[in-house]
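Read off the chains here:
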Amino acid sequence: MWRSASLLTLALAACTPTLSEPRGEAHLDAMARARRHYHHGRMQEAAEAYGEASRHAERRVDRDEALYRRAKALERAGDRSLALAVLDEVAARRPVSRRTVRALFDASKLRLELGRTEEGLDGLRRLALEHPEHGLASRSLWYLLQDFERRDDPDGALALLDEVYAEVGDTALGDDALAHRADLLLARGERARAREALERIVADHAYPDGERWDDALVQLADLAEEDGAYREAIGYLERMLSVHEWTNAPGSYTLPSFPPAQLRIARIWRDHLDDRAAAERAFRTVYDEFPTATVRDDALVELGEMLLDAGEREEACGILRDALEEFEVGRARRRAAERVARDCR
């Protein structure tokens, strides 16, 4: 829920123009003709009609929209040079309007396709640094990193990420840069430096604003578990779950990563720390606290299996039979049916 709200806030911040309907009879007529041509595959005619619509537009936002669509029609018609010129015109608009950043992104991608690699990459770099709150900043950064990967230059990629974080680390792009940095360092086997990047995400891009906060905690738990530091892994997962809360309003402050994290805690207690009581509490938490979670059946059945293996047959069989009644299908239900048939007669 909070992520949807955050995305809406970012979208409104990045797109400053009015959201009102386009106006002007001549403009609207030309736009309608252009759309008909476009949908019927007549790209050259569509481009001409969009050009006419831009000339008749009464507002800048309508003119930019018509020009942007003209560029896309020209590109599909095969006139990529003219399409690029139109995109550059829209991208150069100041102050930034609704299509400005998108035009810069498309123009940069088109330059890459035309073999003008340095110009294209320069445009993507500008977009990331000048418009870090825009959704396309993250995609631009990804394309830039892909170029370093193509050239097998991880040092260059890390240098870029350092530059991005130094310039715009306090924006929505900051945790993206740190997450990419952690991935690159892990690929090189530099686990300590990767953990530093992940810890920085957790500290500086925390819930509820940080988009990668929970992913970073999951990765930190992964690293701790791989190192045999099982209680430390649980600590990272519990830190994530500490922000879980239900409200009376529609929805909840539950991220998709929460139920699997709680189930993972139960499994660590069971499999690595041999603490059945702690595992039972964790399994029950999955079932009780996350009523819509897809792993809820796994938690209930694994609890029953654990108790059955520990000799607590009566309670375990009751749990497994409850699972059969509540869950109609699924792998966990099939396991429950097998155990009931074999051990609960």
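In this report, the structure presented in the accompanying data block is examined. If you're wondering where the values come from, they're calculated on a predicted model, not measured in any experiment.

### A short note on the overall build of the protein
Each helix and strand in the protein was counted, giving 18 helices and zero strands. Scaling as 2.2 N^0.38, a compact globule of 345 residues should have a C-alpha radius of gyration of about 20 Å, whereas the protein reaches 27 Å, well beyond that. With the C-alpha coordinates of the protein rotated into their principal frame, the extents come out at 80 × 45 × 35 Å. With 345 residues in all, the protein has 46% of them scored as buried. For the protein, the share of sequence-separated contacts (at least 6 apart) that also reach a separation of at least 24 residues comes to 53%. Accessible surface computed for the protein: about 17,600 Å², of which carbon and sulfur atoms make up 47%.

### Observations regarding the packing of aromatic side chains
Within the structure shown, the criterion is met by three aromatic pairs. Pairing F105 with Y143 gives two aromatic rings, centres 6.0 Å apart and planes at 55 degrees, and the pair type is tilted. With a gap of 38 residues between them, F105 in helix α6 (residues 100-113) and Y143 in helix α8 (residues 135-150) connect regions that are remote in the sequence. Relative accessible area serves as the criterion here: at 1%, F105 is assigned to the buried category. Note on W142 and Y143: the rings are 5.1 Å apart at their centroids and 80 degrees apart in plane angle, and the pair reads as edge-to-face. Here W142 falls in the partly exposed class, since its relative accessible area comes to 41%.

### Notes on the side chain of R264
Mapped onto the secondary structure, R264 falls in helix α14 (residues 258-271). Those residues in contact with R264 that sit more than four places away from it in its chain are V218, A221, D222, E225 and L237.

### Description of the state of the cysteines
Summed over the entire model, instances satisfying the criterion amount to one disulfide. With a sulfur-sulfur separation of 2.0 Å, C317 is cross-linked through a disulfide to C344. Note on the C317 and C344 pair: the S-S dihedral is about -85 degrees, so by sign convention the disulfide is left-handed. Within this pair, whereas C317 is found in helix α17 (residues 313-326), its partner C344 is found in the segment after α18 (331-343), the two being separated by 27 residues in sequence. Like C344, C317 is buried.

### Quick look at helix α2 (residues 25-39)
Between its first and last C-alpha, α2 extends 21 Å over 15 residues, near the 21 Å set by a 1.5 Å rise per residue. Along α2, the residues that are buried comprise H27, A30, M31 and A34. Down the axis, α2 shows its buried residues gathered within 105 degrees of arc, on one side only. Exposed side chains of α2 directed beyond 90 degrees from the buried face belong to E25 and H39. Structurally, α2 contributes buried residues whose contacts are with α3 (43-56) and α4 (60-77). Positive backbone phi, at 80 degrees, marks G41, one or two positions downstream of α2.

Scoring rules and cut-offs
- Residues numbered from 1 in each chain as written.
- Predicted model: local features only at pLDDT ≥ 70, side-chain atom pairs only at ≥ 80, totals over all residues.
- Heavy atoms only, no water.
- Helix = DSSP H or I, 4+ residues; strand = E, 2+ residues; numbered from the N terminus.
- Rg over C-alpha atoms; globule rule 2.2 N^0.38 Å.
- Buried < 20%, exposed > 50% of the residue type's maximum accessible area, 1.4 Å probe, protein only.
- Contact = heavy atoms within 4.5 Å.
- Areas by Shrake-Rupley, 256 points an atom, 1.4 Å probe, with all protein chains shown as cover.
- Phe/Tyr/Trp six-rings, centres within 6.5 Å; stacked < 30°, edge-to-face > 60°.
- Disulfide = S-S within 2.5 Å.
- Expected span 1.5 Å × (residues − 1).
- Arc of directions from axis to C-beta.

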